[in-house]
Amino acid sequence: MKTSSNSFISQLIVALPLAVFIIFFFSYVLNVAWFDDYESLSGFFLEFQKAPTWSEKAYWLFLPNNEHRMVTAKLLVLATYYLTGELQYVWMQALANLTEVFIWVLFLLAFRRMRLSLWYFLPVTLFMFQPQHYLLTFLTNAGLQHEPLLFFAFATLFVLAKGTPASAAGALVLAFITTFTMSNGMFVWIAGGIILVLRKRYSFLLIWCLAMALAIGGYYYHYPSTANGKSFSKFLEAPQLSLLGFFTYLGAAFDFFPNASAPWRYILPTLAGVGLMTIAVLWFRKNIWPVLLGYFRTTGVSSVPDQDRFVQDFLLSTALFLLANNTIIAVLRPHFGYHVMLISNYKLYPTLFLCVAYMAWLSMQRDYARTPKWLIPASVLIYAGLYLAYFPIVEDRRKNLLTATFNQYHAGIGLGATRGSFLEPYIQRNFMTPLEQGIYNPPIHFFDPVLAQSAESQVVSLQTQETATHYLLTQPELTVPRGRNSLLLLHVKSTEHPEQYLIPFQPLPNTGRNPFRQGVGGQAELPKDMLRPGVYELQVLYQDGTTLKRYPTLNKLSI
C-alpha cells in the first residue's frame with residue numbers, strides 16, 4: 001500500500017492513541033515531587049532563588065545532579081515557575097511528555113517520505129503512547145531528563161540528515177542542547193559523525209568534531225568525579241549478564257507481564273531483543289553495506305535518491321544513538337540488579353528502538369502492497385494488552401503518592417527518605433519551604449473529608465504480623481474499592497505526638513474458583529523504619545466516591 005488511504009479517517013485513527021494518552025495523563029498526574037525531584041528540581045530552585053548574582057545562579061543551573069548536568073530540565077522548571085507563579089509539577093511533567101509528542105512528529109515526517117499508507121504509521125503511535133514507561137510519564141525528574149534528551153537527540157539527527165548548510169548549523173545548536181540535557185546526550189555527536197563520514201561530508205565533519213570537543217570539554221569542565229567503579233567491577237565479574245542484558249533491555253517494549261517472577265519475565269523481552277537486532281542488521285546489510293562497499297567510488301553516494309537517503313540517515317543515526325544508550329545500560333546497570341533492564345523509567349529507549357526497527361523493516365519491503373495487513377490489528381491488541389497490564393500499576397502508584405504526600409506533611413517522611421538518613425531533613429526542607437512560600441500546592445488535604453467523618457459503630461478487626469522490615473496488617477471484612485480516587489486505608493496516629501500516617505490496603509486474592517475475582521479484605525504493609533518509638537492507634541478509612549467512612553479498631557502498635 002503506497003500513498004493511498006491517507007484519508008481524514010486514517011489521520012483521525014492514527015492520532016487517537018495520542019488523544020487517549022493525553023486523557024490518561026491528566027487523569028492520573030499529581031502535583032507531587034518525589035525523591036530525586038527534591039534535589040534536582042525543588043532543591044535547585046530554592047538555591048537559584050536565593051543566589052544573589054547571575055554568576056551564582058548560573059552555577060546552580062550547570063551544577064551536576066546524579067552524574068548529569070540537567071540544564072534543560074532546570075530551565076523548564078524555571079519556565080514553569082515564571083509562567084504559572086508556582087512550582088507546578090503537573091505542568092513540568094506535561095512539558096516533558098510534550099517532547100515525546102515532538103518525537104512522534106519527527107517519526108511522522110520521516111514516515112511521510114517513505115510514501116506508504118498512513119495506516120502503517122498506526123503501530124508507531126500505539127507503541128509510543130501507552131503506559132509501559134509510566135515512570136517517565138508521571139515522575140518529574142526522570143521525565144525532564146530522558147524525554148527532552150531523546151527529542152533533542154532525534155531532532156539533531158533529523159536536521160542533520162537533511163544535508164543542507166542551514167540544517168547543519170541547526171544540528172550543531174541542537175547537539176549542544178542535547179549534550180547539556182543529560183550526559184548520554186553526548187552519543188548524538190558519535191551518531192551524527194558516522195552519518196557525516198558515510199555521506200562524505202568531510203568539511204562539515206571537521207566543524208562537527210571541533211564542536212563536539214568544545215561541548216564535551218564544557219560538559220566536563222569542573223565536573224566532579226563519578227563512582228562507576230562498582231558497575232565496571234560487576235561487568236568484569238559477570239560479563240554474560242551484560243551480554244544478556246543488552247538483548248533484554250533492547251526488547252523491553254515486549255515486557256507484557258510486569259508482575260511475572262524472574263526469570264520468566266525476562267524471556268520474551270530477551271527473545272524480542274534478538275529479533276529486533278536481527279532486523280537492524282538485515283536493514284544495515286541491505287541499505288548501508290552497499291554504500292560502504294562503494295565508498296571510494298565517485299558514484300557510490302549519488303545512486304541513492306535524496307528522499308531515500310534522508311530516511312536511511314535518520315533511521316541509522318537514531319538506531320546508533322539508541323544502541324549506544326542500550327550498551328551503557330547493559331554494562332553499568334546490572335550492578336543494581338538485573339530487574340533494572342526492565343525498569344519503567346528506562347523503557348522509552350527500547351520503545352523508540354522498536355519504532356525505528358519497525359520503520360526500517362517497512363523500508364525493506366520490495367512490494368509495499370504485500371506488506372502484512374495483520375500488523376495493524378496485532379499492534380492494536382498489543383496496545384490494549386499493555387494498558388490492561390500497566391493501568392493497575394499506574395492507579396496504585398497514584399494512590400501511594402497521595403498517601404506518601406499526606407505522610408510527608410503530617411510526619412516529615414514518605415516521599416523518598418528513610419528515618420535517620422541525611423535525606424530526611426533535606427527532603428522535608430525542600431517540601432515545606434515552597435509550600436510555606438505559597439508557591440507549591442501538593443494534595444495535602446486530599447484525605448481531610450474522610451478523616452473528618454464520625455467513627456462508625458462497626459469495629460474492624462486487624463491481624464498483625466511482623467517481619468524484619470514491616471508490620472503486615474490484614475483486615476478480613478472490607479472489600480478494597482477500585483477506582484481513581486477509591487481507597488481503603490490504614491490510619492496510624494501517634495498517642496504521644498501529632499504524627500499520623502496513611503497506608504493503602506491492597507486487596508487479598510480471591511480464595512474461590514475465579515482467580516480474576518477480587519477477594520474480600522486487604523493487607524497493608526507498614527515499614528518499621530517509618531515510625532518513631534511510641535504507641536499508635538489504628539483505624540481503617542474507606543473512601544469511594546461520596547461514600548466516606550472511618551472505622552475504629554481495637555488494635556494498637558507499640559514501637
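Residues numbered from 1 in each chain as written. Predicted model: local features only at pLDDT ≥ 70, side-chain atom pairs only at ≥ 80, totals over all residues. Heavy atoms only, no water.

To continue, consider a nonpolar patch on the surface. A surface patch of nonpolar side chains, about 400 Å² in accessible area, is lined by Phe8, Ile9, Leu12 and Ile13. Residue placement: Ile13 occurs in helix α1 (residues 8-28). For Ile13, a relative accessible area of 31% puts it in the partly exposed group. (Patch = residues over 30% accessible without salt bridge, like charges linked within 9 Å, V, L, I, M, F, W, Y side chains within 5 Å. Areas by Shrake-Rupley, 256 points an atom, 1.4 Å probe, with all protein chains shown as cover. Salt bridge = Lys/Arg side-chain N within 4 Å of Asp/Glu carboxyl O. Helix = DSSP H or I, 4+ residues; strand = E, 2+ residues; numbered from the N terminus. Buried < 20%, exposed > 50% of the residue type's maximum accessible area, 1.4 Å probe, protein only.)

Pairing in this open sheet of four strands is antiparallel, and the strands run β4-β3-β7-β8 from one edge to the other. Looking at strand neighbours, the two that pair on one side only are β4 (500-504) and β8 (547-558), the edges of this open sheet. Between one strand axis and the next, the sheet turns by 25° as a mean value, whatever way the strands run. Where strand β7 (residues 535-544) meets β8, nine bridges bridge the pair, whose relative direction is antiparallel. Within β8, the residue paired with Val540 across the bridge is Tyr551. The strands touched by helix α18 (residues 375-411) are β3 (487-494) and β4; relative to β4, the strand with the most contacts, the crossing angle is about 170°. (Pairing = 2+ DSSP bridges. Axes fitted to C-alpha atoms, helices over the stretch in contact; angles between N-to-C directions. Contact = heavy atoms within 4.5 Å.)

Moving on: the packing of helix α15 (residues 264-293) against helix α17 (residues 348-363). Contact pair α15 / α17: the axes reach a minimum separation of 9 Å and the direction vectors enclose 45°. The angle between α15 and α17 falls in the class oblique. Here α15 and α17 pass one another in a crossing that is left-handed. Along its contact with α15, which presents Leu276, Ile279, Ala280 and Trp283, the element α17 presents Phe353, Leu354, Ala357, Ala360, Trp361 and Ser363. The class makeup of the residues in the contact of α15 with α17 is nine nonpolar, one polar and no charged. (Parallel < 35°, antiparallel > 145°, perpendicular 65-115°, else oblique. Left-handed = near helix turned anticlockwise from the far one by under 90°. Nonpolar A, V, L, I, M, F, W, Y, C, P; charged D, E, K, R; others polar.)

This brings us to the pairing of strand β2 (residues 470-475). The element β2 is extensively covered by neighbouring structure, given that five of its six residues are classed as buried. Pairing between strand β1 (residues 463-466) and β2: four bridges, direction antiparallel. Paired with Gln465 across the two strands is Leu472, which belongs to β2. Linking β1 back to β2 in an antiparallel pair, the connection comprises three residues. Where β2 lies against strand β6 (residues 518-527), six bridges are found, and the strand directions are antiparallel. Note on β6: the bridge partner recorded for Gln475 is Gly522.

Moving on, we get to the environment of Pro239. Tracing the sequence through the fold places Pro239 in helix α14 (residues 239-250). For Pro239, a relative accessible area of 40% puts it in the partly exposed group. Separated by 228 residues in the primary sequence, Pro239 and Gln11 have C-alpha atoms spaced 46 Å apart.

Right, let's talk about the side chain of Gln88 for a bit. In this structure, Gln88 sits in the loop between α5 (71-84) and α6 (89-112). According to the relative accessible area criterion, Gln88 is buried, its value standing at 14%. Only 3.2 Å separates the side chain of Gln88 from the backbone nitrogen of Val90, close enough to count as a polar contact. Setting aside residues up to four positions removed in sequence, Gln88 forms contacts with Asn31 and Thr80. (Polar contact = N/O pair within 3.5 Å; in protein donor to acceptor, adjacent residues only side chain to side chain.)

Before going further, it helps to spend a moment on helix α9 (residues 140-162). Its 23 residues place the ends of α9 33 Å apart at the C-alpha level, agreeing with the 33 Å of an ideal helix rising 1.5 Å per residue. Burial within α9 is extensive, with 22 of its 23 residues counted as buried. Gly163 sits one or two positions beyond α9 and adopts a positive phi of about 80°. (Expected span 1.5 Å × (residues − 1).)

The omega torsion of the bond from Ala262 to Pro263 falls at 0°, within 30 degrees of zero and hence cis. Of note, Pro263 is situated in the loop between α14 and α15. Even without being a glycine, Phe35 presents a positive backbone phi close to 50°. With respect to the element layout, Phe35 can be found in the loop between α1 and α2 (37-40). Taking relative accessible area as the criterion, Phe35 reaches 32% and is therefore assigned partly exposed. A positive phi angle is found at His222, which is not glycine, with a value near 55°. Structurally, the position occupied by His222 is in the loop between α12 (202-219) and α13 (229-237). Residue class for His222 comes out exposed when judged on its relative accessible area of 66%.

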